[in-house]
Amino acid sequence: MATPTPAAAAVPLPQLVTDGYRATTFEYDPGPDAEARGIPGKREWIEVFRASVPEFRKRAASDPRVADAASLADAFAAAFDETLNAILRGDHAGLFDGEPTVLKLCALRDAALRERGFEDCFADVKAEENDAALVVLPSVLAEIDGILDARDRLLALVRGAFAGNVFDLGAAASAKMHADGDAGFHATRAALKPRPWCVDDFDALAAKWVGGDEDEDKDGDEKTAARRPFPYKKCVMFVDNAGADVVLGMLPLARELTRRGCDVTLAANETPSINDITARELVPLIRRVAEFDPATRAAVEEGRLRAVSSGSDLPVIDLTKISPAAATAAAGADLIVLEGMGRAIETNLNARFTVDVLKLGMVKHPEVATCLGGTLYDCVLRGEAEGCGSLSESRSSRPEADGQARRHFTSRGTHARDGTRHSVRICYG
């Protein structure tokens, strides 16, 4: 069995600004005035985890690798339910130090599974979804390659990342979509919320991606813009789920980066958690794509596309605790991509970096949507320029640690669906 990176061996991501860093975005015990503040309270966050228990119990009960899986799955469900009750009562001193957070609750849930022998009870559905996504991938890549305009192609890649990210069996709403057969990639992509998204820095990202300032491009000098060098030389992507998420969402984005001359490292979990892809699964998956896609094959053979273990054993991540291998792979990277609700929204939404960062994911918890001022299945694309870490001229969900103004790629602010400047509701303290 793979094991998470020991705490003593874990190191920070080199590009992370550790001063004032707090991995978690939302406060899980905001106090008795939560309702008055219009944010989820402790009970609502606890119920997010309770709502996920039936899916975990179902997957555990059918795990062929565990003897007496059904009764052990019931034992897991009962034990974790009591853990949630204890946290709700405030009786959690024996479970963890400090206040409850998404990191701590995810760790408790996974520990309750592993203690009963369920090391990877989502393994079969991950493999099935990987195989299904690989069948669809050639047509997705052909569609992307047929888009000649760089901005339009980038938008198609981002929309694909959002559509793939719906395959998340750790969230009750998206797990139901999967069970009902409503989580197909093309159908999900067609039904995405229209722009502007809940958090939408796409215009700023596109301006930098295609080269030059957006206003300069409007002057019609498209050939000059096309000749400008691509701004990124090395990227590290922290990826999320198996199946359509990584295969149809993140691999096409990584492939596009390599075609633009950027080296890409995909950082995936060391240890299985929910249906998140692991590095051990991702390496052969990339090889399978390389067998039929020349661009991927060239990137792999030239050492410009690779996978590494992030060191994580959770569906969320504390970037001060990644594997030494991931930190080494990240050395010199000028772009960090955090993908998925767990890694880019529930954790690290407010993290600051010394290089450009792209945070993208789909909102699959109503409580998270409330904090972002959006709705279920809203899309989040937050792009931030090097040395900064939040939205320009708008209120962040976390007070500034150093008093410095934050900006995104072009310092033009982020806009909500109604066209106004987006403001993340304060859900942290």
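Residues numbered from 1 in each chain as written. Predicted model: local features only at pLDDT ≥ 70, side-chain atom pairs only at ≥ 80, totals over all residues. Heavy atoms only, no water.

## Concerning the sheet that holds strand β5 (residues 335–339)
If you walk across this open sheet you meet the seven strands as β1-β7-β6-β5-β2-β3-β4, and the pairing is mixed. On the outer flanks of this sheet lie β1 (199–200) and β4 (305–309), each paired with one strand and no other. (Pairing = 2+ DSSP bridges. Helix = DSSP H or I, 4+ residues; strand = E, 2+ residues; numbered from the N terminus.)

## Looking at the pattern of salt bridges
For the structure shown, the criterion picks out 31 salt bridges. Note that Asp200 and Arg195 form a salt bridge whose closest N and O atoms lie 2.9 Å from each other. Relative accessible area serves as the criterion here: at 5%, Asp200 is assigned to the buried category. Between Arg382 and Glu384 there is a salt bridge; the shortest N-O distance is 3.5 Å. By relative accessible area, which is 1% here, Arg382 ends up buried. (Salt bridge = Lys/Arg side-chain N within 4 Å of Asp/Glu carboxyl O. Buried < 20%, exposed > 50% of the residue type's maximum accessible area, 1.4 Å probe, protein only.)

## Digging into helix α5 (residues 123–145)
Between the first and last C-alpha of α5 there are 32 Å, a value that for 23 residues agrees with the 33 Å anticipated at 1.5 Å per step. Buried residues of α5: Ala123, Val125, Lys126, Asn130, Ala133, Leu134, Leu137, Val140, Leu141 and Ile144, and no others. (Expected span 1.5 Å × (residues − 1).)

## Overview of helix α12 (residues 244–259)
Each α-helix winds once per 3.6 residues, and so residues spaced three or four apart point in a common direction. Taking 1.5 Å per residue as the helical rise, α12 with its 16 residues ought to reach 22 Å, and the 21 Å between its terminal C-alpha atoms agrees with that figure. At Met250, α12 shows its strongest bend, of approximately 35°, with the proline Pro252 following within four residues. With 15 of 16 residues buried, α12 is to be regarded as a mostly interior element. (Bend = angle between axes of the 7 residues up to and from the residue.)

## Let's talk about the nonpolar core
One finds Leu13, Phe49, Phe238, Leu319, Ile336, Ile345 and Leu372 to be the most contacted residues of the largest nonpolar core, which totals 66 residues. The set of elements that each furnish at least two residues to this core consists of α2 (42–61), α3 (69–89), α4 (102–114), β2 (234–238), α15 (324–330), β5, α16 (341–346) and α17 (366–372). Residues within four places of Ile345 in sequence aside, it is in contact with Thr25, Phe26, Gly340, Gly361, Met362, Val363, Val368, Leu372 and Val380. (Core = buried A, V, L, I, M, F, W, Y, C linked by side-chain atoms within 4.5 Å. Contact = heavy atoms within 4.5 Å.)

## Some remarks on empty space enclosed by the protein
Enumeration according to the criterion identifies six cavities of 30 Å³ or more in this entry. Lining the second largest cavity, in full, are Asp110, Leu113, Arg114, Phe118, Glu119, Asp120, Cys121, Phe122, Pro272, Ser273 and Ile274. Looking at the lining of the second largest cavity residue by residue, the classes come out as six nonpolar, one polar and four charged. (1 Å grid on protein atoms, 1.4 Å probe; cavity = no way out; pocket = protein on both sides within 12 Å on 5 of 7 lines; lining within 4 Å. Points joined across faces, edges and corners; volume = space filled by probe spheres on them. Nonpolar A, V, L, I, M, F, W, Y, C, P; charged D, E, K, R; others polar.)

## A look at the environment of Arg37
With respect to the element layout, Arg37 can be found in helix α1 (residues 34–37). Judged by relative accessible area, Arg37 falls into the partly exposed class, the value being 30%. At 3.3 Å, the side chain of Arg37 forms a polar contact with the backbone oxygen of Pro30. (Polar contact = N/O pair within 3.5 Å; in protein donor to acceptor, adjacent residues only side chain to side chain.)

## A word on the packing of aromatic side chains
By the definition in use, this model includes 10 aromatic pairs. Ring plane angle 75° and centroid distance 5.3 Å describe the contact between Phe56 and Phe122, whose orientation is recorded as edge-to-face. Here Phe56 is found in helix α2, whereas its partner Phe122 is found in the loop between α4 and α5, with 66 residues between them in sequence. Like Phe56, the residue Phe122 is buried in the burial classification. Relative to Phe230, the ring of Trp209 has its centre 5.1 Å away and its plane inclined at 85°; by these criteria the two rings are edge-to-face. Here Trp209 is found in helix α9 (residues 202–210), whereas its partner Phe230 is found in the loop between α11 (222–227) and β2, with 21 residues between them in sequence. One cation-aromatic arrangement involves Arg195 over Trp197; the distance from NZ or CZ to the ring centre is 5.4 Å. (Phe/Tyr/Trp six-rings, centres within 6.5 Å; stacked < 30°, edge-to-face > 60°. Lys NZ or Arg CZ within 6 Å of the ring centre and 35° of its normal.)

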